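# Examination of the molecular architecture
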Amino acid sequence: MHCMHCTDSFPKSYNMWYLCAVFPAGAGGWAPVESNKYQWLEVDLGERTEITAVATQGRYGSSDWVSSFLLMFSDTGCNWKQYRQEDNIRAFTGNSNADSVVQFKLQQPVFARFLRLLPLDWNPNGRIGLRLEAYGCPYKSDVARFDGSSCLLYRFSPNPTSSQTAKDIISLKFKTLQNSGTLIHTEGQDHTITLELHKGKLLLHLRKDKSVSPGPESHMVVSLGSLLDDQHWHHVAIERFSGHLNFTVDKSSQQIQSLPEYTDWDNLFNLLFCRVMSRRNFHGCLENLLWNDVNVIDLAKQQQQVSITGNVTFTCAEPVSVPVTFAGAQSFLQLPGAAQHLQFRTWNRAGLLLTFDLQQQAGSLWLYLSEARVRLQVHKAGGYTILVDVTAGFGLNDGQWHSIDLTARRGHLTITVDKEEDSTAHASPSFPVVSGNNLFFGGERKQHASYTENPFNVFQGCMRHIHVDNNAVDLIKVQQMLIGNYSDLQIDMCGIIDRCSPSHCEHGGRCTQSWSTFHCNCSNTGYSGATCHSSVYEKSCEAYKHQGNTSGLYYIDVDGSGPIKSQLIYCNMTDKTWLVIQHNNTELTKLKASSGINQHLAYFNYSADAEQLWAIITQAEHCEQEVLYHCRKSLLLNTPDGSPFTWWVGRTDEPQTYWGGAVPGSQQCGCGLQGNCIDSDHYCNCDADRKEWATDSGLLTHKENLPVRWVVVGDIQRPGSEAAYKVGPLKCHGDKNFWNAAFFNKETSYLHFPTFHGELSADISFLFKTTAASGVFLENLGIKDFIRVELSSPTEVVFSFDVGNGPFEVRVETGDVALNDDRWHRVRAERNVKEASLRVDGFPNATQKAPADGHIHLQLNSQLFVGGTASRMKGFLGCIRSLQLNGRTLDLEERAKITPGVRPGCPGHCSSYGELCQNQGRCVEMYNGFSCDCGLSAYAGPFCQREVSADFKPGTSVQYTFKEPYELNRNISTQSSSIYSDLKLRGENVSFSFRSSQSPALLLYVSSYYREYLAVLLNRNGYLDVKYKLQNSRDAEVFRTSVRNLANGQLHRVSIRRLSETVSVQVIYSLTVQGIYYVTVQVTYLTYSVPIQSGELDPEIARLNSQGFSGCLSVVQFNSVAPLKAALLYPNTSPVVVIGSLAESTCGSPSPANPYPAETTHSLSDHLGTVGTGELIVNAIKSDSALIGGVIAVVIFVILCALAIMARFLYRRKETFHTQEPQGIKPEADSPEYPFHSEPNSQNILSENQKEYFI
């Protein structure tokens, strides 16, 4: 029953109507005779109507209702289109009883005359039963039909009052079966705009100067939409506003940052709804064609301002085309006869199109897709012996319609794809290729016992225009079961969907698809995940440093999953972590007076773009940039009262009239602020205008103005004027986001933030530490949707959400590793339209696939709760740090300052990061992070991992004197405090590394004020000798490692350790696992006697000392004293005497041939492939070596003879010693803390008179 009424469900001003199919009491409702999946209810609304909602109800007084259904619409009653919610949901949820009404408001209204409802599921204890309401509004339109050669020309006069701020818009709807054709073409004085349909996509062409051949700079193309040749209406709009073009197709829009000529529509001459002299004009219907508020089709009907070329009619007569959809493995079509022609479209690279048995059981023919090509095979009966095998076409999985013609006559078989000669294949079988009784399209043939199963992939796609026995098949009759047979087909519709338009692949990921899903190729994007959402790089140098990385080039992605691209940047990992961004001119640039030149203008192009630079500066705790002006008779700022001759421009694009070391707006240089300029009447040294050279230099530190983008130098035109300027790289340190933390000390406390918007993609990352067993990290709620991350137990983190498909959980279990150990743990959760994933620390990533046709939009509306929930239940106790949602860091500290039960910041970083401090480095807690104190280590660097080394040649000496006890009480500097030794010696640890080709040679000599000493040397054969003088009354004794020659130029490490009465000597050859050799000696601690005189050296030691040492010494350590480090790094505050030249070298590195030993370059090739850094980055490395502070070091050979004096160190040797040669080396063997072993069971008793020993 059709009823037209107003309804109280909508405002009466809508002029709404609804179709009544809610039958009165006793009238029942629609109930088909049979309840199966081939039933539908179709409604003819009489004319095209805007449908906005539908409502369903079960059959009155029965147990009959529909629990799920599809909704279809059509203009003609043919070629139906399925309505999809969120472009994904294929089914509506119906009723659960016969009486309640379920209403659905359509997200996008449907404009159609016919409405069809297809039941999918119904009450299993009843039948299909339905009452229906459809709500909508009347719809009026003007249409015009074009036959491919016809045209509309609209001429208009420019509006003299229009301006560049005016808004112009062209809008229309179109429908067509052709996949190509020009819709709009307009010309101006120096540009053209063309809108054309190409392979089912709309292309907007913007061309400059039509007389010039198109090129990369003169031709811009924007593509939107896909599969638009489906004979359904599609909406298009091109809008010009404020210098931008907005291009919209259906629900997809793209803003074009266009050049001025493309947005100057005042110069347009006309609008052509075709293209003159084109062979590819539009063939189909246009509706509601509007230029601003002008209805062009209505003007054409009235023959006003519009010229008509060719056959244009003002009705939309549509050709009849009935497609059929093969959705899955059970979909097949069976027809009698011999096949000659068909068309298909699909995204799959493989699938069976057609198969049939040959007459007389000669075999079977298989026509299928393989690798996106059509392949035809004839198999011999009873097996898979191939008698014929030909292929044709290529790239046939592009979603376009493709035709296949199959011809078999007189022993000749031909297959042609798309009627192209190049896509034709021939075969000449020795038997007739004639079909038997039935043709099978798609699917499988196992439904009939006489057929073998399909050995090929199932076809998923659409077919149409099937010809059998020289006649087109009427698929409507197939649908009515009048001819053939079928299963699981959607007849009279093509259900293909372009899952890549719009693409869900982010950050330039390339989308490919099959019938049921899509895939994102993230190669060379710097992002990962199912949709290329998450960055593979860290957000700052600080983050790389706390992974244990050293100085080098790293890709920095400042906003994570946000829109800003990653950038290759140098990270200088010193005590502070500096991020260094180079520009194109960091060298000193000299200027001289030149006639006709009043100013010099210098631009600076940085290795990062403006958006990246500002994000880096905003995130950093401190930024600076050095500027220098070297002058003679050249004024700088013309202080105190004149107009400045030189200024610079930064990020704000405003001239800045202050120089390095001063503050914004001061018109001063650094010397003016400090009051030490060479002329007290001026605020800059150069403003004294002297003939002598002067310099103004300093650091610009006001972040709002950085970086320096260009500099104007003005006073260079006077005779005798000379100047030079230099602008250093931008340097920033600190990461405000990385250490941003809050401590939750009450279970009921939480922080709240605005609603999290992550409709299609959401990533959440943070660090936490706690001693609690469970707690909610964060939660955000919607009406039904929600998202939550929580610690469910000490060994499990759960990421849960609901986007309308029911609760969804991803879990990571850590086994025996407890997460409530008060150490920092990292959590990364991501949810997108394809999957959800969760990662905790380095544990395996947990992933759950999303439903294939489920809801995809996450709709939240409450506040975001961090550290708790809205119900104040299951709150988190502990610290949360660096919380980032979709690349944006939440300021936990600022919010915590005003929230009871939450404190800003979180101490205790050494428990998590202390292990990064190597080689006896000590972790020191800081408010934001930690640092490594290397005072007790022979190493230096941010993690005490950098070898402190020097090259030696004979002629220079370093003497280190241990201080007396009373001297230790003096006030000494913190830098050198660690170089003093504890004189109450119960044991000694001596270690160093060396490389040399000299033999014999003295490597290390340690002696007391008395006649006892320890000497380490290479003998004439290159073997290592350890020489002891342990007792005044005895001669020196030598322990020799005679296994191999150590004077081979390779790096070796020696460790000597005494604990109580045991001395151990260890030698690691070539710092590899080739072998460890050490000797243990029993000794007795003695009292000291008369001091030794300087001239009483052992003769052999004196001889070697006179020869000097050529080679390298590195990381020399005696107990907590590092003599070589003290001499190189703290010579002014250490008890060292250096004679000759001494400089730090990189010779202690295991690979000294590497010119950049401390530098690591991390590029996309680490993850994805080869990436070039570009000339600018390479030059930046070379030119900044001095500034970086020795990261790129130059090897300097110096002269040194190692001589150290040890206080109150005495030995007495027992007459037994032990040897041991272990089978391998432990990983810590090159560390001073490597455990030395003593095994008294392996003793050897030797003669008392024996003085030298060999191993």
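Worth saying up front: this structure is predicted, and the values here are computed from it rather than measured. (Residues numbered from 1 in each chain as written. Predicted model: local features only at pLDDT ≥ 70, side-chain atom pairs only at ≥ 80, totals over all residues. Heavy atoms only, no water.)

## Brief notes about the UniProt feature "domain: EGF-like" (unreviewed entry) in the protein
The test is simple: UniProt positions are given in the numbering used here, feature names are shortened, and annotations may be inferred rather than shown by experiment. By the criteria applied, helices consist of DSSP H or I runs no shorter than four residues and strands consist of E runs no shorter than two, each listed in order from the N terminus.
UniProt marks residues 496-533 and 907-945 with the feature "domain: EGF-like" (unreviewed entry), using the numbering shown here. From the first C-alpha to the last, residues 496-533 spans 26 Å; its make-up is 0% helix and 26% strand. Across residues 907-945, helical content stands at 10% and strand content at 31%; the span's end C-alpha atoms are separated by 25 Å.

## Here's the deal with empty space enclosed by the protein
Cut-off, in case you're wondering: Think of a 1 Å grid over just the protein atoms. A cavity is a set of points where a 1.4 Å probe fits yet cannot get out, a pocket is an open set with protein on both sides within 12 Å along at least five of seven lines, and lining residues have an atom within 4 Å of a point. Grid points are joined across faces, edges and corners, and a volume is the space filled by probe spheres set on the points. Gly counts as polar in this scheme, as do all residues outside two lists: the nonpolar Ala, Val, Leu, Ile, Met, Phe, Trp, Tyr, Cys and Pro, and the charged Asp, Glu, Lys and Arg.
By the definition in use, this model includes twelve cavities of 30 Å³ or more. In this structure, the second largest cavity is lined by 14 residues; those nearest its centre are Ser540, Cys541, Leu579, Gln619 and Gly734. Residue classes in the lining of the second largest cavity are distributed as six nonpolar, five polar and three charged.

## What to know about the packing of aromatic side chains
To keep things clear, this is the line we draw: Aromatic rings from Phe, Tyr and Trp, with only the six-membered ring used for Trp, were paired whenever their centres fell within 6.5 Å, and each pair was classed as stacked if the ring planes differed by under 30 degrees, edge-to-face if by over 60, and tilted otherwise. Think of it in three bands: residues with accessible area under 20% of the maximum for their type are buried, residues over 50% are exposed, and the middle band is partly exposed, with areas taken using a 1.4 Å probe on protein chains only. Counted as over-ring charges are cases with an Arg CZ or a Lys NZ within 6 Å of the ring centre that also lie within 35 degrees of the ring normal.
In this structure the tally under the stated criterion is 32 aromatic pairs. Summarising the aromatic geometry, the rings of Phe344 and Phe459 are spaced 6.4 Å apart at their centres and angled 80° between planes, so their arrangement reads as edge-to-face. Residue Phe344 is found in strand β26 (residues 339-345), and its partner Phe459 is found in the loop between β34 (438-441) and β35 (461-468); the two are separated by 115 residues along the sequence. Per residue, the accessibility class of Phe344 equals that of Phe459, and both read buried. The structure contains a cluster of three or more aromatic residues connected by ring pairs, namely Phe744, Phe766, Phe768, Phe777 and Phe876. One cation-aromatic arrangement involves Lys834 over Phe518; the distance from NZ or CZ to the ring centre is 5.1 Å.

## Here we look at the pattern of salt bridges
Convention followed: Only one rule defines a salt bridge in this text: a Lys or Arg side-chain nitrogen within 4 Å of an Asp or Glu carboxyl oxygen.
By the definition in use, this model includes 33 salt bridges. Of the charged contacts in the structure, one is a salt bridge between Asp229 and Arg345, with a shortest N-O distance of 3.3 Å. Of this pair, Asp229 sits in the loop between β15 (219-224) and β16 (234-241) while Arg345 sits in strand β26, and the two are 116 residues apart along the sequence. Classification of Asp229 by relative accessible area gives buried; the value is 3%.

## A closer look at unusual backbone geometry
Of note, the amide linkage connecting Thr639 to Pro640 takes the cis form, showing an omega dihedral of 10°. As for its position among the elements, Pro640 is in the loop between β48 (622-632) and β49 (647-649). Of the consecutive residues Ser999 and Pro1000, the connecting peptide bond is found in the cis state with omega at 0°. Phi is positive for Asp653, which is not a glycine, with a value near 60°. Look at Asp653 and you get exposed, because its relative accessible area is 51%. Not every positive phi belongs to a glycine, and Ser882 is a case in point at roughly 50°. Along the polypeptide, Ser882 turns up in strand β66 (residues 878-885). On the basis of relative accessible area, Ser882 is assigned to the buried category, the value being 5%.

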